[in-house]
Amino acid sequence: MDHVFLQDVLAGLRLPQKALPPKYFYDQQGSAYFDQICQLDEYYPYRTELGLLPEVARELKHYFERASVSSLQLVEFGAGSLHKVKPVLEELSMVDEFVALDISGEHLKEASSDLAEAFPQLTIKVVQGDFTQPMQMELSSATPMGFFPGSTIGNFEPEEAVEFLCNAGTTLGEESYLLLGVDTKKDRAILEPAYNDSKGVTALFNKNILTRINRELDGNFDLDQFEHTAIYNQQLGRIEMHLRSLTKQEVSIAGERFQFAEGETIHTENSYKYHPEEFERLASRAGWSPESVWLAADGIFAIMLLRRSAAGR
Ligand code: AVJ
């Protein structure tokens, strides 16, 4: 039994508002569900960011040419399937080294050998570890540029996002850049369907965390007695996903029993949305200054280039 997983789950379910950390969504099945989410019509973030990246990368190339930066080391945080880095590498020819940082190494090794085939000139490194913490990374003579696509930063509380950005700065070093995807605040009529899709894939993704607890931590959740919910909390600027108990029930996990009232929820994920200027303020608190912002049509998604600056530190 994975004791860290167990302790996180027990601690979360002992809270007055029961909660589970969203990082546990991504076992093999959960990652497959997430890939399906990315193909849904309602889930605009994936395809919007992917569609914007070639243009961003072309402009980055000109930007770095003007700045006389001829060699870049691209460092992806939480690299999963490496879909997003490809359009960047295709355009940004001064990248000569790619470093993929991730917790789970397996999925990544396969994806990185595909990448090696597509980009034979590129030096590729896979570094396994908790990328939310400062990491020891060999910095080459190239200029480091972090890459954190997908608006994954939205899973952090805003204060944790500042901490993450500080740590990323420590990992990348003094003269560095960070390219990051940020989902923007918008009408709930667009936001909520993205997390409540008509095919029910997001519901399966959400409930998979219970399946995982049942299998790995000797739990006995009855999946039919919980329903998926996702609402936009406008005041806090975040999508909240929950699993709501349909009845009064008791669930046991590794021998510990938990009571659920009818209608009580487990809070499984936050996905924070930011106005671009709001995010810039957050980044500047972590020692990063905004260099450029690219907005997709109607401002539904933003990609930002940050530069590590002495001001604010
Ligand atoms: C991978 C965290 C960016 O918040 O949109 C998708 C996860 N959850 N559908 C997001 C997710 C439900 C996704 N991130």
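Details of the structure are given in the entry above.
To start, this report covers the structure provided alongside it. (Residues numbered from 1 in each chain as written. Predicted model: local features only at pLDDT ≥ 70, side-chain atom pairs only at ≥ 80, totals over all residues. Heavy atoms only, no water.)

Next up on the list: the overall build of the protein. Scanning the protein from terminus to terminus reveals nine helices and 12 strands. Taking 313 residues into account, the globule formula puts the C-alpha radius of gyration at 20 Å, and the protein, at 20 Å, falls close to it. Counting across all 313 residues of the protein, residues that qualify as buried make up 52%. Excluding contacts between residues fewer than 6 apart, the proportion of contacts in the protein whose partners are at least 24 apart in sequence is 72%. (Helix = DSSP H or I, 4+ residues; strand = E, 2+ residues; numbered from the N terminus. Rg over C-alpha atoms; globule rule 2.2 N^0.38 Å. Buried < 20%, exposed > 50% of the residue type's maximum accessible area, 1.4 Å probe, protein only. Contact = heavy atoms within 4.5 Å.)

So, about the site of the ligand. Among the 14 residues in the neighbourhood of the ligand, the closest are listed as Tyr 43, Gly 150, Tyr 195, Glu 269 and Ser 271. At a separation of 2.5 Å, an oxygen atom of the ligand approaches a polar side-chain atom of Tyr 195. For the ligand, whose accessible area on its own is 360 Å², the fraction buried by protein is 96%. Broken down by secondary-structure element, the contributors of at least two residues to the shell around the ligand are α2 (28-38), α8 (201-216) and β10 (265-272). A class-by-class count of the residues in the shell around the ligand yields seven nonpolar, six polar and one charged. (Near = heavy atom within 4 Å. Polar contact = N/O pair within 3.5 Å; in protein donor to acceptor, adjacent residues only side chain to side chain. Areas by Shrake-Rupley, 256 points an atom, 1.4 Å probe, with all protein chains shown as cover. Nonpolar A, V, L, I, M, F, W, Y, C, P; charged D, E, K, R; others polar.)

Next up on the list: the packing of α2 against α8. Following both chains from N to C, one finds α2 and α8 inclined at 160°, their axes separated by 9 Å at the closest point. As summarised for this structure, α2 and α8 are arranged roughly antiparallel, according to the angle between their axes. In this structure, α2 crosses over α8, and the sense of that crossing is left-handed. Between α2, through Gln 29, Gly 30, Tyr 33, Phe 34, Gln 36 and Ile 37, and α8, the contact on the second element is made entirely by Val 201, Thr 202, Leu 204, Phe 205 and Asn 208. Across the contact of α2 with α8, the residue classes break down as six nonpolar, five polar and no charged. (Axes fitted to C-alpha atoms, helices over the stretch in contact; angles between N-to-C directions. Parallel < 35°, antiparallel > 145°, perpendicular 65-115°, else oblique. Left-handed = near helix turned anticlockwise from the far one by under 90°.)

Here we take up the packing of helix α6 (residues 158-172) against helix α9 (residues 276-285). In the contact formed by α6 and α9, the axes pass within 8 Å of each other and the chain directions differ by 50°. It follows that α6 is oblique to α9 by the angle criterion. Every pair of crossing elements has a handedness; the one defined by α6 and α9 is right-handed. Of the residues in α9, those in contact with Pro 158, Glu 159, Ala 161, Val 162 and Leu 165 of α6 are Phe 279, Leu 282, Ala 283 and Arg 285. Of the residues belonging to the contact of α6 with α9, the class tally is seven nonpolar, no polar and two charged.

Core analysis: the biggest nonpolar cluster contains 70 residues, and Phe 64, Met 145, Phe 221 and Ile 253 have the highest contact counts within it. Counting residues per element, this core draws most heavily on helix α3 (residues 44-66), at eight residues. What Met 145 contacts, discounting residues up to four positions off in sequence, is Leu 60, Phe 64, Leu 72, Gln 73, Leu 74, Val 75, Leu 92, Tyr 177, Leu 178, Leu 179 and Leu 305. (Core = buried A, V, L, I, M, F, W, Y, C linked by side-chain atoms within 4.5 Å.)

On inspection of all chains with the given rule, the structure shows 20 salt bridges. With a shortest N-O distance of 3.4 Å, Glu 91 and Arg 58 are connected by a salt bridge. Within this pair, whereas Glu 91 is found in helix α4 (residues 85-91), its partner Arg 58 is found in helix α3, the two being separated by 33 residues in sequence. A residue is classified by how much of its surface remains accessible, and Glu 91, at 25% relative accessible area, is partly exposed. (Salt bridge = Lys/Arg side-chain N within 4 Å of Asp/Glu carboxyl O.)

With five bridges connecting them, strand β8 (residues 249-253) and strand β9 (residues 256-260) associate as antiparallel partners. Considered in β9, the bridge of Gln 249 is made with Phe 260. Linking β8 to β9, which pair antiparallel, is a turn of two residues; within it Ala 254 sits at a positive phi near 45°. (Pairing = 2+ DSSP bridges.)

Using the criterion set out here, one finds 22 aromatic pairs in the structure. Centre to centre, the rings of Phe 34 and Phe 205 are 6.2 Å apart; their planes meet at 40°, and the pair counts as tilted. Of this pair, Phe 34 sits in helix α2 while Phe 205 sits in helix α8, and the two are 171 residues apart along the sequence. On the basis of relative accessible area, Phe 34 is assigned to the partly exposed category, the value being 25%. Relative accessible area serves as the criterion here: at 3%, Phe 205 is assigned to the buried category. An angle of 80° between the planes, with centres 5.6 Å apart, marks the rings of Phe 77 and Phe 164 as edge-to-face. Highlighted residues: Phe 77 in strand β1 (residues 72-77) and Phe 164 in helix α6, separated in sequence by 87 residues. Pairwise contacts between aromatic rings join Phe 25, Tyr 26, Phe 34, Tyr 43, Tyr 195 and Phe 205 into one cluster. (Phe/Tyr/Trp six-rings, centres within 6.5 Å; stacked < 30°, edge-to-face > 60°.)

Honestly, it's all geometry; don't read function into it.
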